[in-house]
Amino acid sequence: IRGVAVLEFRRVLFRSWGLTLRTFFDYAETNNVDSAQHGGVDQKLMSTGVGADWNLSKHIRMKLDWGYTLEPVRREANISNPRGESRVHASATILF
């Protein structure tokens, strides 16, 4: 990969008692140096969604995001992540 560009916008909808609800829009672009040799293609990635962060204490944080693809992801000539597909990502962090 020769170059990568990423842009992300977030907007907080609600914040109270350690809970934050937000919307987001992501855009990324990659350029491959030799896509024929490495099997990759140039990509434009776009998604939007909503998320929540919950700080239970200063040592425990939980995060949940739901994203919706606006641009399909291609692997060579095959589409592996079609437009309109959605995914949920969850994480928990414990600091000590």
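None of the values given here were measured: they were computed from a predicted structure.

(A) Highlighting the packing of aromatic side chains. Per the stated rule, a full pass over the model turns up one aromatic pair. Here the aromatic rings of Trp66 and Tyr68 are separated by 6.3 Å at their centres, their planes lie at 40°, and the arrangement is tilted.

(B) Broad picture of the pairing of strand β3 (residues 43–55). With 12 bridges joining them, strand β2 (residues 19–31) and β3 adopt antiparallel strand pairing. Paired with Glu29 across the strands is Lys44, a residue of β3. Summarising the sheet, β3 and strand β4 (residues 60–69) pair through nine bridges and their orientation is antiparallel. Bridged to Ala52 within β4 is Leu64.

(C) Representation of unusual backbone geometry in the model. Its identity as a non-glycine residue notwithstanding, Trp17 has a phi of 50°, on the positive side. Relative to the elements of secondary structure, Trp17 occurs in the loop between β1 (3–16) and β2.

(D) Structural context of the side chain of Arg22. Relative to the helices and strands, Arg22 resides in strand β2. Classification of Arg22 by relative accessible area gives buried; the value is 4%. A polar atom in the side chain of Arg22 sits 3.0 Å from the side chain of Asp65. Beyond its immediate sequence surroundings of up to four residues, Arg22 is in contact with Arg10, Arg11, Val12, Leu13, Gly49, Val50, Gly51, Ala52, Asp53, Lys63 and Asp65.

(E) Inspection of the environment of Ser86 at higher detail. Positionally, Ser86 belongs in strand β7 (residues 86–94). Counting along the chain gives 16 residues from Ser86 to Leu70, while the straight-line C-alpha distance between them is 9.6 Å. Not counting residues up to four positions away in its chain, the partners in contact with Ser86 are Trp66, Gly67 and Tyr68. Among the polar contacts listed, one links the side chain of Ser86 to the side chain of Trp66, at a separation of 3.3 Å.

(F) Fine view of a nonpolar patch on the surface. Taken together, the side chains of Val50, Leu64, Trp66, Tyr68, Leu70 and Val88 define a hydrophobic patch exposed on the protein surface, amounting to about 510 Å² of accessible area. In terms of residue count, the dominant contributor to the nonpolar patch is β4 (three residues).

(G) View of the pattern of salt bridges. With the rule as written, the count across this model stands at six salt bridges. One salt bridge connects Arg10 with Glu8, and the closest N-O pair in it is separated by 3.2 Å. Residue class for Arg10 comes out partly exposed when judged on its relative accessible area of 47%. With relative accessibility at 38%, the residue Glu8 sits in the partly exposed group. Of the charged contacts in the structure, one is a salt bridge between Arg61 and Asp53, with a shortest N-O distance of 3.4 Å. Take Arg61: its relative accessible area is 37%, and that puts it in the partly exposed class. A relative accessible area of 9% means that Asp53 is categorised as buried.

What counts as what
- Residues numbered from 1 in each chain as written.
- Predicted model: local features only at pLDDT ≥ 70, side-chain atom pairs only at ≥ 80, totals over all residues.
- Heavy atoms only, no water.
- Phe/Tyr/Trp six-rings, centres within 6.5 Å; stacked < 30°, edge-to-face > 60°.
- Pairing = 2+ DSSP bridges.
- Helix = DSSP H or I, 4+ residues; strand = E, 2+ residues; numbered from the N terminus.
- Buried < 20%, exposed > 50% of the residue type's maximum accessible area, 1.4 Å probe, protein only.
- Polar contact = N/O pair within 3.5 Å; in protein donor to acceptor, adjacent residues only side chain to side chain.
- Contact = heavy atoms within 4.5 Å.
- Patch = residues over 30% accessible without salt bridge, like charges linked within 9 Å, V, L, I, M, F, W, Y side chains within 5 Å.
- Areas by Shrake-Rupley, 256 points an atom, 1.4 Å probe, with all protein chains shown as cover.
- Salt bridge = Lys/Arg side-chain N within 4 Å of Asp/Glu carboxyl O.

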